[in-house]
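Commentary on secondary and tertiary structure
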Amino acid sequence: MSIYDYSVVRPNGSELSLSEFSGKVVLIVNTATGCGFTPQYKDLESMYEKYHELGLEILDIPCNQFAGQTPGTDEEIHEFCTLKYNTQFPQMKKSDVNGENELPLYTYLKSQKSFEGFGKGVQALAMSAMLKKIDSDYKNNPNIKWNFTKFLVDRSGEVVARFEPTASMKDVAAAVEKLIQA
């Protein structure tokens, strides 16, 4: 199996088969409009503008499962992202990434790359402390922990990396660039 066996739903209700991204580098991100990590949209859009013509696709999947930080409709979310961050990459219908209603794509992504920690630094410590209160066993399950978790997929559809929201966007961009140039 690969990501090409899955599809996601666009805000208008039509399905997008990920097989349309065959041969491209894909960055899949669960996003939120009212999160401390929301400014990452700026870095995502910069990557998209720099590498899209070279084969990068970014798949934006809004999610309201983390502290209700994406309360709007799909239309309101899209308007926020395009007006505030000038996003041009495709945005999908707001969806769950954990639990009984999670997108099958996320079940697959989490089976390919599990949680490996938040790294180091103030944000990492803050995320760890917060999650311990929510789920004392959070370190031992593959669930998405928060908004702006990213999965990087190579041109053959293989999930090659998972970046937690605390990961440096420079590190994400470097990994994307390496796959683009491969």
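These remarks concern the structure in this document. Predicted model, so just to flag it, every value in this text is computed and none were measured. (Residues numbered from 1 in each chain as written. Predicted model: local features only at pLDDT ≥ 70, side-chain atom pairs only at ≥ 80, totals over all residues. Heavy atoms only, no water.)

**Here's the deal with the packing of aromatic side chains**
Counting across every chain of the model gives 11 aromatic pairs. Aromatic pair Tyr41 and Phe148: ring centres 5.4 Å apart, planes at 90°, arrangement edge-to-face. Of this pair, Tyr41 sits in helix 1 (residues 40-51) while Phe148 sits in the loop between helix 4 (122-134) and strand 5 (150-153); the two residues are 107 residues apart in sequence, bridging distant segments of the chain. The exposure class of Tyr41 is buried, given its relative accessible area of 0%. Between Phe115 and Phe118 the ring centres are 5.0 Å apart and the planes differ by 65°, which places this aromatic pair in the edge-to-face class. Phe118 shares its class with Phe115; the two are buried. (Phe/Tyr/Trp six-rings, centres within 6.5 Å; stacked < 30°, edge-to-face > 60°. Helix = DSSP H or I, 4+ residues; strand = E, 2+ residues; numbered from the N terminus. Buried < 20%, exposed > 50% of the residue type's maximum accessible area, 1.4 Å probe, protein only.)

**Topic: the sheet that holds strand 6 (residues 159-163)**
On the basis of which strands lie adjacent, the open sheet formed by 4 strands has the order 4-3-5-6 and mixed pairing. In the strand order of this sheet, the two ends are held by strand 4 (56-62) and strand 6, each with one partner. Across this sheet, the average inter-strand angle for adjacent strands is 15°, counted without regard to direction. Here strand 3 (residues 25-31) pairs with strand 5 via 4 bridges, running antiparallel. Bridging across to strand 5, Ile28 finds its partner in Phe151. Of the strands in this sheet, strand 3, strand 4, strand 5 and strand 6 are in contact with helix 3 (residues 104-112), which crosses strand 3 at around 110°. Sitting on the sheet, helix 5 (residues 169-181) touches strand 3, strand 4, strand 5 and strand 6, and the angle it makes with strand 5 is about 15°. (Pairing = 2+ DSSP bridges. Axes fitted to C-alpha atoms, helices over the stretch in contact; angles between N-to-C directions. Contact = heavy atoms within 4.5 Å.)

**Structural notes on the pairing of strand 3**
Most of strand 3 is tucked away: 7 of the 7 residues are buried. Neither face of strand 3 is open: one carries Val25, Leu27, Val29 and Thr31, the other Val26, Ile28 and Asn30, and all of them are buried. Of the pairings in the sheet, the one linking strand 3 to strand 4 comprises 7 bridges and is parallel in character. Bridging from a neighbouring strand, Asn30 pairs with Ile61 of strand 4. With respect to chirality, the unit in which strand 3 leads through helix 1 into the neighbouring parallel strand 4 is right-handed. (Right-handed = clockwise from strand over helix to strand, strands pointing away.)

**Quick notes on the pattern of salt bridges**
Tallying each qualifying case throughout the model produces 4 salt bridges. The closest approach of N and O atoms between Lys93 and Asp74, which form a salt bridge, is 3.3 Å. Taken together, the residues span a long stretch of sequence, with Lys93 in the loop between helix 2 (74-85) and helix 3 and Asp74 in helix 2 at a distance of 19 residues. For Lys93, a relative accessible area of 34% corresponds to the partly exposed category. Notably, a salt bridge pairs Lys110 with Glu102, separated by 2.7 Å at the nearest N-O pair. Assigned by exposure class, Lys110 and Glu102 land together as buried. (Salt bridge = Lys/Arg side-chain N within 4 Å of Asp/Glu carboxyl O.)

**What to know about the layout of surface pockets**
The calculated volume of the largest pocket comes to roughly 250 Å³. Along the wall of the largest pocket there are 15 residues; nearest its centre are Gly117, Arg162, Phe163, Glu164 and Ala167. Residue contributions to the lining of the largest pocket peak at 3 residues, all from strand 6. Classifying every residue of the lining of the largest pocket by side-chain character gives 4 nonpolar, 5 polar and 6 charged. (1 Å grid on protein atoms, 1.4 Å probe; cavity = no way out; pocket = protein on both sides within 12 Å on 5 of 7 lines; lining within 4 Å. Points joined across faces, edges and corners; volume = space filled by probe spheres on them. Nonpolar A, V, L, I, M, F, W, Y, C, P; charged D, E, K, R; others polar.)

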